[in-house]
Amino acid sequence: MALGKNYDGQDCSLAKALELIGERWTMLVVRDALYGVRRYGDFLAHLDIPRAVLSQRLTTLVEAGVLDRRRYQDAPPRDEYVLTETGRELWLPLLALSHWGERHLTRTGPRRLFFHAACGGRLDRAATCSGCGAGQVPVEEVEVRPGPGLEHLRDDPVSAALRVPHRMLDPLP
């Protein structure tokens, strides 16, 4: 029996969430937005995503209130995509999934490490700080750093910028 293409018949919050963010490219777009990626060309270069797919994912995330589309240049018209509060709430699920992947799917260790910017303590999978004990450190207070499993295979501007410590949500250069 073939699986359906959506979850219309499901009365389940998880099914509804998966309908919006369960597709792999969507989660990677949100991840990159958390890292500070805002511009279409940077998403495109870092993700190696087809243009049509990226355009559709960005449109869907804007319509759902996960991203806000903002004009940063009028001639020619250019927009950037910034996480809304709704989008920022995806920080904890993405962090937990990243930790799960590190434990079960990688051999080289974490590619990215997350630290509490206020004290420098490393965050666990629940975003609790090992340094000061702060629980569920908000994404605005997190610094991402390269981890021991990061391989420098890519030379796009986003990959290059993420090779140095960077505050989450701050726009990448």
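A brief structural summary. (Residues numbered from 1 in each chain as written. Predicted model: local features only at pLDDT ≥ 70, side-chain atom pairs only at ≥ 80, totals over all residues. Heavy atoms only, no water.)

1. Some points on helix H2 (residues 24–35)
Counted at 1.5 Å a residue, the expected span for H2 with its twelve residues is 16 Å, and the 17 Å between its end C-alpha atoms agrees. Burial within H2 is extensive, with nine of its twelve residues counted as buried. Within the sequence span of H2, burial applies to Trp25, Thr26, Met27, Val29, Val30, Asp32, Ala33, Leu34 and Tyr35. Backbone nitrogen of Trp25 and a side-chain oxygen of the N-cap are separated by 2.9 Å at the start of H2; the cap is Glu23. Following H2 by one or two positions, Gly36 adopts a phi angle in the positive range, close to 110 degrees. (Helix = DSSP H or I, 4+ residues; strand = E, 2+ residues; numbered from the N terminus. Expected span 1.5 Å × (residues − 1). Buried < 20%, exposed > 50% of the residue type's maximum accessible area, 1.4 Å probe, protein only. Polar contact = N/O pair within 3.5 Å; in protein donor to acceptor, adjacent residues only side chain to side chain.)

2. Quick word on the packing of aromatic side chains
In this structure the tally under the stated criterion is one aromatic pair. Relative to Phe114, the ring of Trp91 has its centre 5.3 Å away and its plane inclined at 70 degrees; by these criteria the two rings are edge-to-face. In this pair, Trp91 is assigned in helix H6 (residues 91–105) and Phe114 in strand E3 (residues 112–116), connecting sequence segments 23 residues apart. Given a relative accessible area of 5%, Trp91 falls into the buried group. Note that Arg24 overlies the ring of Trp25, its terminal NZ or CZ placed 4.3 Å from the centroid. The lysine or arginine in question, Arg145, covers the ring of Phe115, its NZ or CZ lying 3.7 Å from the ring centre. (Phe/Tyr/Trp six-rings, centres within 6.5 Å; stacked < 30°, edge-to-face > 60°. Lys NZ or Arg CZ within 6 Å of the ring centre and 35° of its normal.)

3. Quick look at the packing of H2 against helix H4 (residues 51–63)
Helices that pack against each other are described as a pair by the angle of their axes relative to one another and the distance between those axes. The interhelical angle for the contact between H2 and H4, taken along N-to-C directions, is 70 degrees, at an axis separation of 10 Å. Put simply, H2 runs roughly perpendicular to H4. For the element pair H2 and H4, the recorded crossing hand is right-handed. Residues Trp25, Thr26, Val29 and Val30 of H2 form the contact with H4, whose participating residues are Val53, Leu54, Arg57, Leu58 and Leu61. For the contact of H2 with H4, the per-class residue count stands at seven nonpolar, one polar and one charged. (Axes fitted to C-alpha atoms, helices over the stretch in contact; angles between N-to-C directions. Parallel < 35°, antiparallel > 145°, perpendicular 65-115°, else oblique. Left-handed = near helix turned anticlockwise from the far one by under 90°. Contact = heavy atoms within 4.5 Å. Nonpolar A, V, L, I, M, F, W, Y, C, P; charged D, E, K, R; others polar.)

4. Some thoughts on the environment of Leu67
Structurally, the position occupied by Leu67 is in strand E1 (residues 67–73). For the pair Leu67 and Thr86, spaced 19 residues apart in the sequence, the C-alpha separation amounts to 8.1 Å. Setting aside its immediate chain neighbours within four residues, Leu67 contacts Val29, Ala33, Leu58, Leu61, Val62, Tyr81, Val82, Leu83 and Thr84.

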